[in-house]
Amino acid sequence: MIDKADIRKVAPFIWQIDKSYRPGMNVPAIIFATEQILDGVLKDRSIEQLVNVTSLSGIQKAAMAMPDMHEGYGFPIGGVAATSWPSGAISPGGIGYDINCGVRLLKSDCRFSQIEQYIGKLGHEIYKSIPSGVGKGGDIRLSVKELDNVLQHGSKWAVKNGYGNERDLERTESSGCLENAYPNAVSEKAKKRGIDQLGTLGSGNHFLEIDVVDEIYDTECADAYGLFKGQAVVLIHTGSRGLGHQVATDYVKIMMSSMEKYGISVPDRELAYAPFDSPEGQRYYAAMAAAANFAWANRQIITHKIREAWESVLGRDARLTLLYDVAHNIAKIEDHEIDGKSRKVIVHRKGATRAFGPHHPEIPEAYRVVGQPVIIPGSMGTASYVLAGTEAGMLMSFGSTCHGAGRQLSRSEATRMIDGKQLMMELRDRGIYPYIGSIKELAEEAPEAYKDVDDVVDVIDRTGIAKKVAKLKPVVVIKG
DNA sequence: ATGTGC
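What comes next is a walk through the structure. (Residues numbered from 1 in each chain as written. Chains lettered and ligands numbered in written order. Predicted model: local features only at pLDDT ≥ 70, side-chain atom pairs only at ≥ 80, totals over all residues. Heavy atoms only, no water.)

**Section: the protein's contact with DNA strand B**
- Around DNA strand B, the structure places 18 residues, and the nearest of them are V134, R193, S203, G204 and N205.
- Contact distances for DNA strand B include 2.9 Å between a phosphate oxygen and a side-chain N or O atom of R411.
- Listed by contribution, the elements that provide at least two residues to the surface near DNA strand B are α8 (188-194) and α10 (241-258).
- Among the elements that take part in the surface near DNA strand B, α10 stands out by supplying three residues, more than any other.
- Tallied by class, residues from the surface near DNA strand B come to two nonpolar, nine polar and seven charged. (Near = heavy atom within 4 Å. Polar contact = N/O pair within 3.5 Å; in protein donor to acceptor, adjacent residues only side chain to side chain. Helix = DSSP H or I, 4+ residues; strand = E, 2+ residues; numbered from the N terminus. Nonpolar A, V, L, I, M, F, W, Y, C, P; charged D, E, K, R; others polar.)

Laid out in structure tokens, this is it:
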């Protein structure tokens, strides 16, 4: 266990464990948190995991953790690690099991008050058209060859096949398609698990929500993003389902056994990695990209289905426009300023969201002056946020920020302490329409099982690694 | 997160 005395406060809401803390650390570990959040995470293994991450080969500047950090597989969730391209480490544990888990926000053109009377019907139609739950498949039938096209082209495949439009692609991180995807690097088993799962939600913390824009903090950004107070919006949070999970499983195993060959030793086997430019590293990166593309196609198809439901209830001219789609479990090759020079790095974001500052060429033109939209889903029934990337974030955290509220109770602790039925009634009491697949799993997602998303986002805003633009309040929650 | 454990 890490002692609080070994953690130094270096700036407001920024904590550091120096490189001298333990042999084998290549860089310091940095945590963005309030003291209360820090005290909370000292109780699990997440800070120790962050210290382990500092030993990755080629890691640059620091291993970083966002205020939503908690224990994960090998790496903490809420972690950011950039390693030198091309021969630094790539680690499946630094991306996570749900490859390209992510969030997108759809903007309606109406106020919530205008559609309030239809809200139950909207919830029902959306719930009906998007399968949810563990292992659940959908109604999209793909041949193996067509699945390979999905893996190769992601959202571009979806749009080409009638699920959405070109504008959706512009408003998706990486246009919803990583070019280096290689379907042959994805095992038959992974493909088998994913082949009927396009257009499905999954379970756990994945959800669909109808929200109201509750508060605007930054008018210039909100205007650029097309957000206004009282607006009805739709939030989608899901990933690559069983396919991505299997890719992660496959490559953790491969890298655990290839480490010896490369003379790699890690403080924790779950941190297994390979040099990015090794055959194992390259093959994982190509498979990860394919799984990421699957997740983007999934969110794009779900978008299409929600639009159909929306139009069927509200009429054909009711529009849902994509604000933006972000990945929060992914590795990317990016250019970042290190020691005053621009360097290519492999940025691992595990439960962390890309948040590029103003004028970055990868941001859609409409948002370029104000910075990339960042979407932060809160815990069930609380609040979610839209943030904007900043110049400070580019320099302090490799253009990264938090991804959500972050657990504070493990799934088993939450199940033990919280009653699902009562939680359901509480949601209703607060005016939220819940559509819940499994009451049994609901307790795991109770607000008490998570940190306070307001506190988490305030740390981000106060340190300046992103800034608050809008707060969203849920009115319909759909979960698997 | 996940056909929720090897």
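Moving on from the model shown.
**Thoughts on the packing of aromatic side chains**
- Across all of its chains, the model carries eight aromatic pairs by this definition.
- With centroids separated by 5.3 Å and ring planes inclined at 85°, the aromatic side chains of Y73 and Y97 adopt a geometry described as edge-to-face. With Y73 in the loop between β4 (63-70) and β5 (77-84) and Y97 in the loop between β6 (89-90) and β7 (102-111), this residue pair connects regions lying 24 residues apart in the sequence.
- Residue classification places Y97 among the partly exposed residues on the basis of a relative accessible area of 25%.
- An angle of 80° between the planes, with centres 6.3 Å apart, marks the rings of Y324 and Y367 as edge-to-face. Taken together, the positions of Y324 in strand β11 (residues 320-327) and Y367 in the loop between β14 (353-354) and β15 (373-376) put the pair 43 residues apart, joining distant regions of the chain. (Phe/Tyr/Trp six-rings, centres within 6.5 Å; stacked < 30°, edge-to-face > 60°. Buried < 20%, exposed > 50% of the residue type's maximum accessible area, 1.4 Å probe, protein only.)

**Topic: a negative patch on the surface**
- Taken together, the side chains of D419, E426, D429 and E448 make up a negatively charged region of the molecular surface.
- As for its placement among the helices and strands, D419 is situated in the loop between α13 (411-417) and α14 (420-429). (Patch = residues over 30% accessible without salt bridge, like charges linked within 9 Å, V, L, I, M, F, W, Y side chains within 5 Å. Areas by Shrake-Rupley, 256 points an atom, 1.4 Å probe, with all protein chains shown as cover. Salt bridge = Lys/Arg side-chain N within 4 Å of Asp/Glu carboxyl O. Lys, Arg positive; Asp, Glu negative; His and termini not counted. Charge placed at Lys NZ, Arg CZ, Asp CG, Glu CD.)

**Description of the nonpolar core**
- With 114 residues, the main nonpolar core has I31, I47, L56, L198, V247 and M288 as its most contacted residues.
- Sequence-distant contacts of I47, defined by excluding residues within four places in its chain, comprise I2, I7, I17, I31, L38, V41, L42 and M69.
- Residues I119, V212, A232 and L320 belong to the second largest nonpolar core, which totals 27 residues. (Core = buried A, V, L, I, M, F, W, Y, C linked by side-chain atoms within 4.5 Å. Contact = heavy atoms within 4.5 Å.)

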